[in-house]
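# Report on the structure
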Amino acid sequence: MESCRWGVLSCSLLRSSETFWTTTGMFPQELIIGFPKCVKISKVAIQCYLVRTLRIERSVSKDPVGFEQCIEKDLQHTEGQLQMEEFPLPDFQATYLRFIIKSAFDHFVSVHRVMAEGTAEDT
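Residues numbered from 1 in each chain as written. Predicted model: local features only at pLDDT ≥ 70, side-chain atom pairs only at ≥ 80, totals over all residues. Heavy atoms only, no water.

In this section: the pattern of salt bridges. Under the defined criterion, the tally for this structure stands at 9 salt bridges. One salt bridge in this structure joins Lys 43 and Glu 86, with 3.7 Å as the shortest N-O distance. Linking Lys 43 in strand β3 (residues 29–49) with Glu 86 in strand β6 (residues 83–104), this pair joins segments that are 43 residues apart in sequence. Residue Lys 43 is classed as partly exposed on the basis of its relative accessible area of 24%. For Glu 86, a relative accessible area of 46% translates into the label partly exposed. The partner of Arg 98 in a salt bridge is Glu 57, and the shortest N-O contact between them spans 2.5 Å. Of the two residues, Arg 98 is situated in strand β6 and Glu 57 in strand β4 (residues 51–59); the sequence distance between them amounts to 41 residues. (Salt bridge = Lys/Arg side-chain N within 4 Å of Asp/Glu carboxyl O. Helix = DSSP H or I, 4+ residues; strand = E, 2+ residues; numbered from the N terminus. Buried < 20%, exposed > 50% of the residue type's maximum accessible area, 1.4 Å probe, protein only.)

Written out as structure tokens, the structure is:
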């Protein structure tokens, strides 16, 4: 995590813009992000390259199981530029987020940043 403040949730994956996660060339590929406890997320954003179809799922379990689909979107191809997508999520709770890259515009894709904004739930 690059930054994460609890109370007001503002987290991003990967430490710098020069760091990224890349696929192995077969699809689907998935990336799971876990929070220390259930959080209320208001917005999720992803910065990636060559992703064609993205699905976001959530789980409110203590373990990364029981995911339910929240969003599935075909992203626009942006030749030579990173794709930046934001997803507003009103009243959205999650302990885990799973990002599934279902298809791509090429054999390999990269994820440069995943950001979540919201608040920590009182337990």
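Right, picking up where we left off after that structure.
With 26 residues, the main nonpolar core has Ile 41, Ile 46, Leu 54, Leu 97 and Phe 99 as its most contacted residues. Counting residues per element, the ones that place at least two in this core are β3, β4, β6 and β7 (110–120). Those residues in contact with Ile 46, other than ones at most four positions away along the chain, are Leu 54, Gln 83, Met 84, Glu 85, Phe 87, Phe 99, Val 111, Arg 113 and Val 114. (Core = buried A, V, L, I, M, F, W, Y, C linked by side-chain atoms within 4.5 Å. Contact = heavy atoms within 4.5 Å.)

A few words now on unusual backbone geometry. Apart from glycine, the bulk of residues carry a negative phi angle, and the bulk of peptide bonds sit in the trans form. Put simply, Phe 27 and Pro 28 share a cis peptide bond, and its omega is 5°. Tracing the sequence through the fold places Pro 28 in the loop between β2 (21–22) and β3. In this model, Leu 50 sits at a positive phi of 70°, which is unusual for a non-glycine residue. You can see Leu 50 is positioned in the loop between β3 and β4.

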